[in-house]
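Residue-level structural notes
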Amino acid sequence: MKGKSREATDPAPDDGELVQRAKGGDAAALDLLLDRHQGVVYRFLLGLLGDEDAAADAAQETFVRALTNLNGFRGDAAFRTWILAIARNEARGMARRKSRRRESALDDLPPPVAGGPSPETRALRNVEVQRVRDTLARLPEKQRMSVSLRLFDGLSFREIAEATDSTEGSARVNYHHGIRRLREWLHDDQRT
Amino acid sequence: MTTNGHNGMNETNQPSSDGTPCGDALDQLPLRIAGRLAAREARALEEHLSRCAGCAAEVEFLEAVVRARPEPPRAFKTSVLGRLRIDDSGVTEAVPARWKWLANRWDGSQRRAAGWGLSAAALLVLALGIGVVWSEDPVADGDTQFTSALLAPEDEMVEEWMVAGAPVLDGLPDEVLLSLMTEMD
Ligand SMILES: [Zn+2]
């Protein structure tokens, strides 16, 4: 796997190029695609499914499907848009399958936060982090999705609209409503 | 770049944001945080932030929220790669979903992507030899209280998912969505 996978000429190949390389069996290209999109796919699914394990599971399935079907990616839309559509379908299938239930594990620990603050700071911060996540999870779905995709992953309102069956205008409004409500709720919680 | 110099905020909370300097700024702040603003937009935004206390305060709030950004599990990438076989003919699935616990358990040690597929497949064969049969995908299910309109089953896209850009289902018109949202508020 050496070949042309690491040309010094272009530092940041675009997704289309990575897909082409991956189709030819370039493992490094595959690696980069994963690095680039694992976060947004996971968060998108977390927003839809509301459960960290389920989201990780669905995200893994999403990538396996996408990466083994790269011929289905025609390149006339962004790779991110394409894989988010796959993710949503995956989530839909998972939602359909979940007929038998186990108790929800709402108190799952959040994944560790990046960086190296002291344990005390980190403990404090984790409380805050969990509080924000819980509050975010309470938002209506489209607001939650818009806030997550915009604020955590920097998607354009048009991309958000495509990923959530919405329009650009409502994606924007949903984002701003969501942020406003998040601020109010976080603020209210603090006072009680 | 001075747009009138209205430094007093119209409410930061105002969701409709078109046109006004604060509106534009609030639209763009997430992109600033994600480092996705073009240089020219970024300059205009910084200029606005230096004059507008309201928007500057909003930066702090958004940054606090971003610190709570959920991340995929640490071994996520390895788990995915552990299920793939990568060779000159492209990428194929070496470990199907119902065997993924195997790939997941096994990942970590091996680093060479090219080797993953084969070894995972070898493990699969081994497991098959042992005769372990799993009738069902051990899916980690979420809690039931979480409902999603976006996942409503009526519009399945069994085939469509492979089509680039699909599926852009035509949704409701803006006015309807907006009135729905107002109701939710
Ligand atoms: Zn402002």
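Residues numbered from 1 in each chain as written. Chains lettered and ligands numbered in written order. Predicted model: local features only at pLDDT ≥ 70, side-chain atom pairs only at ≥ 80, totals over all residues. Heavy atoms only, no water.

1. As for the overall build of chain B
Quick note on the threshold: Helix and strand labels come from DSSP, where a helix needs a run of H or I of at least four residues and a strand needs a run of E of at least two; each type is numbered from the N terminus. The cut-offs for exposure are 20% and 50% of the maximum accessible area for each residue type, with area from a 1.4 Å probe on protein chains only; residues under the lower value are buried, those over the upper are exposed, and the others partly exposed. Between two residues, a contact is recorded if the distance between any of their heavy atoms is within 4.5 Å.
Looking only at helices and strands, one finds seven helices and two strands in chain B. What you see in chain B, going N to C, is helices and strands ordered as α-α-α-α-β-β-α-α-α. Out of the 185 residues belonging to chain B, those deemed buried represent 40%. Once local pairs closer than 6 in sequence are excluded, the contacts in chain B between residues at least 24 apart make up 51%.

2. Observations regarding the pattern of salt bridges
Under the convention used in this document: In the sections that follow, a salt bridge refers to a side-chain nitrogen of Lys or Arg positioned within 4 Å of a carboxyl oxygen of Asp or Glu.
What the rule picks out here adds up to 18 salt bridges over all chains. Here Asp 31 of chain A ties to Lys 77 of chain B by a salt bridge, and the two come within 2.8 Å at their closest N and O atoms. Of this pair, Asp 31 of chain A sits in helix α2 (residues 27-49) while Lys 77 of chain B sits in helix α4 (residues 76-82), placing the two residues on different chains. Put simply, Arg 172 of chain A and Asp 27 of chain B hold a salt bridge, and the shortest N to O gap is 2.8 Å. One end of the pair, Arg 172 of chain A, is in helix α8 (residues 168-191); the other, Asp 27 of chain B, is in helix α1 (residues 21-33), on a second chain. Given the relative accessible area of 7%, Asp 27 of chain B is considered buried. Residues joined in a network through salt bridges with shared partners are Arg 43 and Asp 153 of chain A together with Arg 69 and Glu 71 of chain B.

3. Some remarks on the packing of aromatic side chains
Geometry of an aromatic ring pair is reported as the spacing of the ring centres plus the angle between the planes. Going by this rule: Note on aromatic pairs: the rings of Phe, Tyr and Trp (six-membered ring only in Trp) are paired at centre separations within 6.5 Å, and the planes decide the class, stacked below 30 degrees, edge-to-face beyond 60, tilted for the rest. The criterion for a charge sitting over a ring is simple: Lys NZ or Arg CZ within 6 Å of the ring centre, and within 35 degrees of the ring normal.
Summed over all chains, the structure comprises five aromatic pairs over all chains. Seen from their ring centres, Phe 79 of chain A and Trp 82 of chain A are 5.6 Å apart, and the 45° between their planes marks the pair as tilted. Here Phe 79 of chain A pairs with Trp 82 of chain A, and both are found in helix α4 (residues 79-97), just three residues apart, close to one helical turn. We classify Phe 79 of chain A as buried; its relative accessible area is 2%. The class of Trp 82 of chain A is buried, set by a relative accessible area of 0%. With a centroid separation of 6.1 Å and an interplanar angle of 55°, the aromatic rings of Phe 157 of chain A and Tyr 175 of chain A are classed as tilted. With a gap of 18 residues between them, Phe 157 of chain A in helix α7 (residues 157-163) and Tyr 175 of chain A in helix α8 connect regions that are remote in the sequence. Grouped by ring-pair contacts, the aromatic residues Phe 73, Phe 79 and Trp 82 of chain A constitute a single cluster. When the ring centre of Trp 185 of chain A is taken as origin, the NZ or CZ atom of Arg 138 of chain A, which lies over that ring, is 4.5 Å away. Cation over ring: Arg 183 of chain A sits above Phe 61 of chain B, and NZ or CZ is 5.1 Å from the ring centre.

4. Some thoughts on the coordination of the zinc ion
Put simply, a metal with four donors set out as a tetrahedron has ideal angles of 109.5 degrees, and one with six donors set out as an octahedron has ideal angles of 90 or 180 degrees. Residue and element names in this part refer to chain B. Rules: A 2.8 Å cut-off from the metal defines N, O and S donors, relaxed to 3.2 Å for Na, K and Ca; water is not in the atom list, so some sites may appear incomplete. Square planar and octahedral sites, with four and six donors, are those where opposite donors lie more than 155 degrees apart and all other angles lie between 65 and 115, tetrahedral sites have four donors with every angle between 85 and 135 degrees, and the rest are irregular.
Around the zinc ion, the protein supplies Cys 22 (SG), His 48 (NE2), Cys 52 (SG) and Cys 55 (SG) as donor atoms, at distances of 2.1 to 2.4 Å. What the four donor atoms of the zinc ion show is an angle range of 105 to 116° at the metal, which sorts the shape as tetrahedral. Between consecutive donor residues of the zinc ion, the sequence gaps follow C-x25-H-x3-C-x2-C. Here Cys 22 is found in helix α1, whereas its partner Cys 52 is found in the loop between α2 (39-51) and α3 (53-66), with 30 residues between them in sequence.

5. Looking at the domain arrangement of chain A
Residues and elements named next belong to chain A. Threshold: These domain boundaries are the output of an automatic or database domain assignment. By buried area we mean the combined loss of accessible area, with a 1.4 Å probe, across both parts when two parts are placed together.
If you check the domain split of chain A, you get domain 1 (12-100) and domain 2 (118-192). Just the C-alpha atoms count here: the centres of domain 1 and domain 2 sit 22 Å apart. Taken together, the contact between domain 1 and domain 2 spans eleven residues of the former and 14 residues of the latter. Buried area between domain 1 and domain 2, summed over both chains or domains, comes out near 1,100 Å², and the portion from carbon and sulfur atoms is 48%.

6. Thoughts on the packing of α1 of chain B against α2 of chain B
Residue and element names in this part refer to chain B. Condition: For helices, the axis comes from a line fit to the C-alpha atoms of the stretch in contact; other axes are also lines fit to C-alpha atoms, and the angle between any two N-to-C directions lies between 0 and 180 degrees. Orientation categories follow fixed angle ranges, with anything under 35 degrees roughly parallel, anything over 145 roughly antiparallel, 65 to 115 roughly perpendicular, and all other angles oblique. Left-handed describes a crossing whose near helix is turned anticlockwise from the far helix by less than a right angle; the clockwise case is right-handed. Any residue outside Ala, Val, Leu, Ile, Met, Phe, Trp, Tyr, Cys, Pro, Asp, Glu, Lys and Arg is labelled polar, Gly included; the first ten of those are nonpolar and the last four are charged.
Following both chains from N to C, one finds α1 and α2 inclined at 120°, their axes separated by 10 Å at the closest point. Looking at the two axes, α1 sits oblique to α2. Between α1 and α2 the crossing geometry is left-handed. Across the interface between the two elements, Pro 21, Cys 22, Ala 25, Gln 28, Leu 29 and Arg 32 from α1 touch Glu 41, Leu 45, Glu 46, His 48 and Leu 49 from α2. In the contact of α1 with α2, the residues fall into six nonpolar, two polar and three charged.

7. Side note on the nonpolar core
What tends to happen in soluble globular proteins is that the nonpolar side chains get buried as a cluster. Stated formally: As used in this record, nonpolar core signifies buried Ala, Val, Leu, Ile, Met, Phe, Trp, Tyr and Cys residues forming a set joined through side-chain atoms within 4.5 Å.
If you look at the biggest cluster of nonpolar residues, it comprises 77 residues, and the most contacted ones within it are Val 41, Leu 45, Leu 67 and Leu 151 of chain A together with Leu 84 of chain B. In terms of residue count, the dominant contributor to this core is α2 of chain A (13 residues).

8. Some thoughts on unusual backbone geometry
All names here are of chain A. Even without glycine at this site, Asp 165 takes up a positive phi of about 55°. Among the structural elements, Asp 165 can be located in the loop between α7 and α8. A relative accessible area of 13% places Asp 165 in the buried class.

9. Re the confidence of the model for chain B
Residue and element names in this part refer to chain B. Just so we agree on the cut-off: As a per-residue measure, pLDDT tells how confident the predictor is, with possible values from 0 to 100.
Confidence in the prediction of chain B, expressed as mean pLDDT, is 66, and 46% of residues score 70 or more. Scored below 50 in pLDDT, residues 1-16 makes 23 contacts in the model with residues more than four places away or belonging to other chains. Predicted confidence is poor over residues 154-173, with pLDDT under 50, and the contacts of this stretch with residues over four places away or in other chains come to 42 contacts. Predicted complex metrics record ipTM = 0.82 and pTM = 0.70.

10. Quick look at the environment of Arg 80 of chain A
With respect to the helices and strands, Arg 80 of chain A occurs in helix α4. Since its relative accessible area comes to 11%, Arg 80 of chain A is described here as buried. Taking the C-alpha atoms as reference, Arg 80 of chain A lies 9.6 Å from Leu 155 of chain A; in sequence the two are 75 residues apart. Those residues in contact with Arg 80 of chain A, other than ones at most four positions away along the chain, are His 37, Val 40, Asp 153, Gly 154, Leu 155 and Glu 159 of chain A together with Arg 36 of chain B.

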